[in-house]
Amino acid sequence: MKRAFKFRFYPTDAQAAELSRTFGCVRKVYNLALAARTEAWALRQERVNYNATSAMLTVWKKTEELAYLNEVSSVPLQQTLRHLQTAFTNFFGKRAKYPRFKSRKTSRKSAEYTTSGFRFRDGRITLAKMSDPLDIVWSRPLPEGAKPSTVTVSQDAAGRWFVSLLCDDPTIKPLPVTDQAVGVDVGLDHLLTFSTGEKITNPRYERRDRARLAKAQRSLARKAKGHGTNRAKARREVARIHARIADRRRDGLHKLTTRLVRENQTIVIEDLNVRNMVKNRSLARAISDAAWSDFRSMLEYKAAWYGREVIAVDRFFPSSRLCSHCGTLHGAMGLHVRTWTCECGTTHDRDANAARNLLAAGRAVTACGAGVRPQRSSPGGQSAMKQEVSRREP
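Let me sum up the structure you'll find in this document. Computed from a predicted model, the values in this text were never measured in an experiment.

### Looking at the overall build of the protein chain
Okay, so step 1: When its secondary structure is counted, the protein chain shows 10 helices and 14 strands.
Okay, so step 2: Looking at the protein chain alone, contacts between residues at least 24 apart form 71% of all its contacts between residues at least 6 apart.
Okay, so step 3: For the protein chain, the exposed area adds up to about 22000 Å²; of that, 50% sits on carbon and sulfur atoms.

### Details of the sheet that holds strand 12 (residues 309-314)
Okay, so step 1: Taken in spatial order, the 5 strands of this open sheet run 10-9-8-11-12, and their pairing is mixed. Each of the sheet's edge strands pairs with one partner strand only, and the pair in question is strand 10 (199-201) and strand 12. Strand-to-strand twist of the sheet, defined as the mean angle between neighbouring strand axes without regard to direction, takes the value 25°.
Okay, so step 2: Relative to strand 9 (residues 190-194), helix 6 (residues 229-263) is tilted by about 5°, and along the sheet it contacts strand 8 (181-186), strand 9, strand 10 and strand 11 (266-271).
Okay, so step 3: Against the sheet, helix 9 (residues 292-306) makes contact with strand 8, strand 9, strand 11 and strand 12, and its axis sits at roughly 150° relative to strand 11, the strand it touches most.

### Focus on the pattern of salt bridges
Okay, so step 1: Overall, the coordinates contain 21 salt bridges when judged by the stated rule.
Okay, so step 2: Of the charged contacts, one joins R160 and D247 as a salt bridge, the two residues approaching to 2.9 Å between their closest N and O atoms. Separated by 87 residues along the polypeptide, R160 in the loop between strand 6 (150-155) and strand 7 (161-168) and D247 in helix 6 bring together distant segments of the chain.

### Concerning the layout of surface pockets
Okay, so step 1: In this structure, the second largest pocket spans a volume of roughly 420 Å³.
Okay, so step 2: Surrounding the second largest pocket, 20 residues form its lining, T80, H83, K102, R108 and S110 being those nearest its centre.
Okay, so step 3: For the lining of the second largest pocket, the secondary structure elements donating two or more residues are helix 1 (13-44), helix 3 (74-92) and strand 2 (109-114).
Okay, so step 4: The leading source of residues in the lining of the second largest pocket is helix 3, at 5 residues.
Okay, so step 5: Across the lining of the second largest pocket, the residue classes tally to 7 nonpolar, 7 polar and 6 charged.

### Remarks on unusual backbone geometry
Okay, so step 1: Here the phi dihedral of Q45 falls at roughly 55°; this positive angle occurs in a residue that is not glycine.
Okay, so step 2: In this structure, Q45 sits in the loop between helix 1 and helix 2 (50-62).
Okay, so step 3: The class of Q45 is exposed, set by a relative accessible area of 53%.

### Re the sheet that holds strand 2
Okay, so step 1: If you walk across this open sheet you meet the 5 strands as 2-6-7-1-5, and the pairing is antiparallel. Edge strands, defined here as strands with exactly one partner in the open sheet, are strand 2 and strand 5 (136-137).
Okay, so step 2: Across 8 bridges, strand 1 (residues 2-9) lies against strand 7 in antiparallel orientation. Its bridge partner being in strand 7, F7 is matched across the sheet by V163.

### Digging into the environment of M56
Okay, so step 1: Checked against the element boundaries, M56 lands in helix 2.
Okay, so step 2: For M56 and A36, which are 20 residues apart along the polypeptide, the C-alpha to C-alpha distance reads 9.1 Å.
Okay, so step 3: Contact partners of M56, with chain neighbours within four places excluded, come to A36 and V48.

### Quick notes on the packing of aromatic side chains
Okay, so step 1: Under the criterion given, the structure shown has 9 aromatic pairs.
Okay, so step 2: One Lys or Arg, R47, reaches over the ring of F92 and ends 3.9 Å from the middle of that ring.
Okay, so step 3: When the ring centre of Y30 is taken as origin, the NZ or CZ atom of K102, which lies over that ring, is 4.5 Å away.

### What to know about empty space enclosed by the protein
Okay, so step 1: Counting across every chain of the model gives 2 cavities of 30 Å³ or more.
Okay, so step 2: G187, L188, D189, H190 and D351 are the residues nearest the centre of the second largest cavity, which is lined by 10 residues in total.
Okay, so step 3: Secondary structure elements with two or more residues in the lining of the second largest cavity: strand 8 and strand 9.
Okay, so step 4: Taken together, the residues of the lining of the second largest cavity sort by class into 2 nonpolar, 3 polar and 5 charged.

### Brief notes about the nonpolar core
Okay, so step 1: Counting residues in hydrophobic clusters, the biggest one holds 39 residues, and the most contacted among them are L19, L127 and V153.
Okay, so step 2: Secondary structure elements with two or more residues in this core: strand 1, helix 1, helix 2, helix 3, strand 2, strand 4 (124-127), strand 6 and strand 7.
Okay, so step 3: A total of 9 residues in this core trace back to one element, the largest contributor, which is helix 1.
Okay, so step 4: In contact with V153, not counting residues within four places along its chain, are F9, L19, F23, K109, S110, A111, Y113, L127, W161, F162 and V163.
Okay, so step 5: By size, the runner-up hydrophobic cluster in this structure holds 27 residues, among which are L191, L256, A290 and F295.

What counts, and at which threshold
Residues numbered from 1 in each chain as written. Predicted model: local features only at pLDDT ≥ 70, side-chain atom pairs only at ≥ 80, totals over all residues. Heavy atoms only, no water. Helix = DSSP H or I, 4+ residues; strand = E, 2+ residues; numbered from the N terminus. Contact = heavy atoms within 4.5 Å. Areas by Shrake-Rupley, 256 points an atom, 1.4 Å probe, with all protein chains shown as cover. Pairing = 2+ DSSP bridges. Axes fitted to C-alpha atoms, helices over the stretch in contact; angles between N-to-C directions. Salt bridge = Lys/Arg side-chain N within 4 Å of Asp/Glu carboxyl O. 1 Å grid on protein atoms, 1.4 Å probe; cavity = no way out; pocket = protein on both sides within 12 Å on 5 of 7 lines; lining within 4 Å. Points joined across faces, edges and corners; volume = space filled by probe spheres on them. Nonpolar A, V, L, I, M, F, W, Y, C, P; charged D, E, K, R; others polar. Buried < 20%, exposed > 50% of the residue type's maximum accessible area, 1.4 Å probe, protein only. Phe/Tyr/Trp six-rings, centres within 6.5 Å; stacked < 30°, edge-to-face > 60°. Lys NZ or Arg CZ within 6 Å of the ring centre and 35° of its normal. Core = buried A, V, L, I, M, F, W, Y, C linked by side-chain atoms within 4.5 Å.

Limitation: the analysis is restricted to geometry and does not speak to function.
This is how it looks when you write it as structure tokens:
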């Protein structure tokens, strides 16, 4: 099983300059190839593949205008052409939108090296065109005997440098089979509610640093636009606060998803269309901070690693209004109603009842062999808003 191990490193001035040049060349080649492929199709109805763009790269390097492409390693340039080919494959397969040009300001700064573009010896990595190895902070050891197949170097908006090593991880093995199953309902008051009745408090990481972030953003807004040093410092300060929020959120989600996968054989969640839900201006900030999409993606790939099953129940399933005791479906229920009593006399906590109903629906899906219904929008193009969230951000 392939697994990426990400570490922070501290480049020398020469290494930072070399990597910055590489990032710029990677972006330039990607944009040139995308423009060439777009033009070929628009004018001649001709599809240009990876091999053709690779030949174009050779020609570009021989021109006086693009001769600087020879100053960096050719491996990341070839890899960015492969990434463009993958983007077009996903587009024609209707799995993604049409590829977009990379921006100098907003696009991710990264470069990928294959085995011919780096040397890994004695636990040290030396990239092509560099004489010294990278000063990596090994926060955890690599699997015994693991050798990276690709190395990806990146720099985030806060100026931090990272290296990601893709290795075979023999430690990823299916966990022992268990009969435990759990339904998970996501929300804003409580991040997760389990069918067992347990609730996980929403940490609201962005809300904790909101005052600090607002102050930094006001400071940035006062700086004159341009290439001034003060504006660059203010921008990095804003990026550092965002990075702090994202790091804590990611760490918390990793712990929650790992726990769920270790303890349960089957995990049932709701198939929410978060992309449409964040269009609600009153809820967008809180939903983004809760990171429901990240939670689901982590849960799914970890379940695939360890032999667990994740079932997504259709979002239109009335999990909140269905009595988990007698099965009675109740009418419309205001969002302010957090507990309600059924005609059978059972008093329900709204979130816990929804989680129990999700678990029952997931078990029915498993028993019937039915699949998960695809995401869809309600009439008028608006997605069905999850009932468990409040109308306004808490």
